[in-house]
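So you can see what is in the structure, the chains are spelled out below.
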Amino acid sequence: MMLPPVTKKATGWKLFWLTAFGRAYPRLVGQQREKSWLFFDVFFPMISVASYVFVYRAIQAPEDYIGFVVVGGAMTAFWMNVLWSMSSQLYWEKQTGNLALYIVSPAPMSAILMGMSLGGLAATTIRAVSVILLGSLIFQVSYTVVSFWMLLAIFLVCMVALYGMGMMTSSLFLLFNREAWHIANLAQEPIFLVSGFYFPVKSLNFWVAVGASIIPLTLGLDAMRQLVFSTGASLGFLNVRLELYILIGLAVVFLTAARYLLAYIEKLAVREGRLTEGRR
Amino acid sequence: MENINSIRKNYRSFSTAAWLGWKIESNWTDPFLFAIYSIVKPLSSAGILVIMYSIIAQSDFTSPIFAYLYLGNAFYQYVGAVMSGLAWAIIDDREHYRTLKYIYVSPISVPYYLLGRGVARFITTTFAVVVTIAFGVIFLKIPLDFGEANWGLFILTLLIGIVMLATLGMMLAGIAMNIARHSDMIGDAVAGALFLFSGAIFPLSILPASIRWLGYVVPVSYWLELMRRSMIGSVAEAFPTFSSLTNTHLLLILVGLTLVFGIASAVIFGKLDHRARERGLIDQATNY
């Protein structure tokens, strides 16, 4: 059966946003239909959270550190999402044959990445909130929110910068083959270490913490801890306002770089015939 | 004669799978980068614990609790690698390389093939464990005296532990063959749960009483305790969890649980393998 001819064609911004919505849809709706994913996405961070909480309890750490672990554990959901469902997504799309379809369609690649980001961000927020609620309930974490609006601003800017970073690195993964899985795998524990997911990043060497600040979650997490825990400010790495400005800078840099890098790498991948290869 | 042929077939399946597993694990990059990759992950994982501990304990690395958690974390790497490795071999061969059906129709022993696939991970993990412990001894002054270590107990415990982990892995491999969803996660999920309940990085007495019993029924808890004791006997014995049990007691419990899990694994894998063949799941590609 022939499909009816397309009479109304979306172009420009309308095409961009329709594409973004189309790519976000499976993550916003489809992902929620598979309830078992929600279980695993909450279960894995909770296991780490519980283990590290018991370590802190074993060494008789102050109670705020339990809260640091719960918040850090919840934020791992965003890092894992950016790593496995943003950065390495184009590699998976290549493996399943979707990437070539994206390229030959009139939909802009940047809109596809934007859709992945928005859908991933929304779905991951549900998981992160679940981890915080469960962790806070089980381990009886108490919060002292200094400024709700600042907290919201830090979280939003941090997410824009983080997903911008994901969009930027996804183009690099376009060039990877078998090493893609290993590289994504390698970017877990080392990042959890240098970004201070389970302890204040201030505890690291100053220059290590400065270097780790290239990852938006480092400063985002540090600022959020300063804003929600009574001892947070004394254990903070930089002033919250300064961290917000740096995160805004990172967001601008990553989003701009993503736009140019994606166009460049896409051309390179087309030229080298890497868009349809499936080396295992 | 038939027995000798069977042994030969099992050995051939095991050794070929070990060689194949090594190639898959290591040849995606050059040896130097592979070595870096193998070191960075475990050291980072240990680094998280070191920093957490040093903040609270003001870097007093001589405390027994530090040696307890550091060694537990180092040896626990075997659990994730060997146990999940076997289950992962099913996913890799069936979904990724699409070769599981050819392996099944070839004249090999599938259980021995799967065990062989776990060998590569055992080798790379041994490298990571050695590097992690060496780092702890050299830079963090963990009180490990190689002359004082009970090497006999260490080797015996390690061997029993590998058998025990392989039997757990076989069960997971059977399950992975029969499920369409989350087969890639079951290894990590079980390893994660065991990490929490076996008291790998904290004494079991820290766990709430309502869930502590789980730590006493999993063989990994006894295995880790023996591994620690073989390295630094006095330090591991300082914690109340297993202090009433001697090394012989622990060894007997470990052997007993390994036998129980070994028999259960043989039965469960046999049934699940049969079910997978019957339902045409051997060449299933879920793309999940």
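Refer to the structure printed above.
Residues numbered from 1 in each chain as written. Chains lettered and ligands numbered in written order. Predicted model: local features only at pLDDT ≥ 70, side-chain atom pairs only at ≥ 80, totals over all residues. Heavy atoms only, no water.

(A) Expanded view of the pattern of salt bridges. A complete count under the given rule lists eleven salt bridges over all chains for this structure. We note a salt bridge from A:Glu63 to A:Arg57, for which the minimum N-O separation is 3.7 Å. In this structure A:Glu63 comes out as partly exposed when scored by relative accessible area, which is 47%. Among the charged side chains, a salt-bridge network with shared partners connects B:Asp92, B:Asp93 and B:Arg117. (Salt bridge = Lys/Arg side-chain N within 4 Å of Asp/Glu carboxyl O. Buried < 20%, exposed > 50% of the residue type's maximum accessible area, 1.4 Å probe, protein only.)

(B) Geometry of the packing of aromatic side chains. Counted by the stated rule, this structure contains 34 aromatic pairs over all chains. For the ring pair A:Phe192 and A:Tyr198, a centre distance of 6.3 Å and an interplane angle of 80° mean the geometry is edge-to-face. Taken as a pair, A:Phe192 and A:Tyr198 share a single burial class, namely buried. Measuring from centroid to centroid gives 5.7 Å for A:Phe206 and A:Phe237, while their planes differ by 50°, and the two rings are tilted. Taken together, the residues A:Phe206 in helix α10 (residues 206-212) and A:Phe237 in the loop between α11 (216-228) and α12 (240-271) connect sequence positions 31 residues apart. Residue class for A:Phe206 comes out partly exposed when judged on its relative accessible area of 46%. The ring of B:Tyr68 has B:Arg228 lying over it, and the distance from NZ or CZ to the ring centre is 3.7 Å. (Phe/Tyr/Trp six-rings, centres within 6.5 Å; stacked < 30°, edge-to-face > 60°. Helix = DSSP H or I, 4+ residues; strand = E, 2+ residues; numbered from the N terminus. Lys NZ or Arg CZ within 6 Å of the ring centre and 35° of its normal.)

(C) Unusual backbone geometry, seen in detail. Residue and element names in this part refer to chain B. Despite not being glycine, Ser59 has its phi angle at roughly 60°, a positive value. When you line up the elements, Ser59 lands in the loop between α2 (31-57) and α3 (64-96). The phi dihedral of Arg98 falls on the positive side, at around 55°, and the residue is not glycine. By secondary structure assignment, the location of Arg98 is in the loop between α3 and α4 (100-105).

(D) Summary view of helix α9 (residues 219-231) of chain B. The first and last C-alpha atoms of α9(B) sit 19 Å apart over 13 residues, in line with the 18 Å expected at 1.5 Å per residue. Most of α9(B) sits inside the fold, with 13 of its 13 residues counted as buried. (Expected span 1.5 Å × (residues − 1).)

(E) Geometry of the packing of helix α1 (residues 2-26) of chain B against helix α5 (residues 110-139) of chain B. Residue and element names in this part refer to chain B. Taken N-terminus to C-terminus, the directions of α1 and α5 make an angle of 40°; their axes are 7 Å apart at the nearest point. As judged from the angle between their axes, α1 and α5 are oblique. The handedness of the crossing between α1 and α5 is right-handed. Of the residues in α5, those touching α1 at Asn10, Ser13, Phe14, Ala17, Ala18, Leu20, Gly21, Trp22, Ile24 and Glu25 are Tyr112, Tyr113, Leu115, Gly116, Arg117, Val119, Ala120, Arg121, Ile123 and Thr124. Split by residue class, the contact of α1 with α5 holds twelve nonpolar, five polar and three charged. (Axes fitted to C-alpha atoms, helices over the stretch in contact; angles between N-to-C directions. Parallel < 35°, antiparallel > 145°, perpendicular 65-115°, else oblique. Left-handed = near helix turned anticlockwise from the far one by under 90°. Contact = heavy atoms within 4.5 Å. Nonpolar A, V, L, I, M, F, W, Y, C, P; charged D, E, K, R; others polar.)

(F) Spotlight on the nonpolar core. Judged by nonpolar contacts, the single largest core of 177 residues is most densely connected at A:Tyr56, A:Met75, A:Trp79, A:Phe139, A:Phe199, B:Phe75 and B:Trp223. For this core, the element with the highest residue contribution is α3(B), accounting for 18 residues. Not counting chain neighbours up to four residues away, the residues in contact with B:Trp223 comprise B:Phe75, B:Tyr78, B:Val79, B:Thr157, B:Leu158, B:Gly161, B:Met164, B:Leu165 and B:Leu254. (Core = buried A, V, L, I, M, F, W, Y, C linked by side-chain atoms within 4.5 Å.)

(G) Geometry of a nonpolar patch on the surface. A surface patch of nonpolar side chains, about 630 Å² in accessible area, is lined by A:Tyr143, A:Val145, A:Phe148, A:Trp149, A:Leu152 and A:Leu156. With a relative accessible area of 45%, A:Leu156 lands in the partly exposed category. (Patch = residues over 30% accessible without salt bridge, like charges linked within 9 Å, V, L, I, M, F, W, Y side chains within 5 Å. Areas by Shrake-Rupley, 256 points an atom, 1.4 Å probe, with all protein chains shown as cover.)

(H) Highlighting the packing of helix α2 (residues 35-58) of chain A against α2(B). As a packed pair, α2(A) and α2(B) sit with axes 10 Å apart at the nearest point and diverge in direction by 30°. Classified by the angle between their axes, α2(A) and α2(B) sit roughly parallel to one another. Like other packed secondary-structure pairs, α2(A) and α2(B) cross with a definite hand, here right-handed. Counted together, A:Tyr52, A:Val55 and A:Tyr56 of α2(A) and B:Ile48, B:Leu49, B:Met52 and B:Ile56 of α2(B) form the full contact between these two elements. Residues belonging to the contact of α2(A) with α2(B) are distributed by class as follows: seven nonpolar, no polar and no charged.

(I) Expanded view of the interface of chain B and chain A. Facing the 39 residues of chain B at the interface are 37 residues of chain A. In this assembly, chain B packs against chain A so that about 3,500 Å² is buried in total across both faces, 75% of it on carbon and sulfur atoms. There are one salt bridge connecting chain B and chain A. The salt bridge involving A:Glu189 is made with B:Lys41; its shortest N-O contact spans 2.7 Å. Our count for the contact surface shared by chain B and chain A stands at four residue pairs in polar contact (both at pLDDT 80 or more). Elements with a contribution of two residues or more to the side of chain B that touches chain A: α1, α2, α3 and α7 (186-197) of chain B. Per element, the largest residue contribution to the side of chain B that touches chain A is 13 residues, and it comes from α2(B). (Buried area = accessible area lost by both parts, 1.4 Å probe. Polar contact = N/O pair within 3.5 Å; in protein donor to acceptor, adjacent residues only side chain to side chain.)

In short, the description is geometric, and any link to function would need to be established separately.
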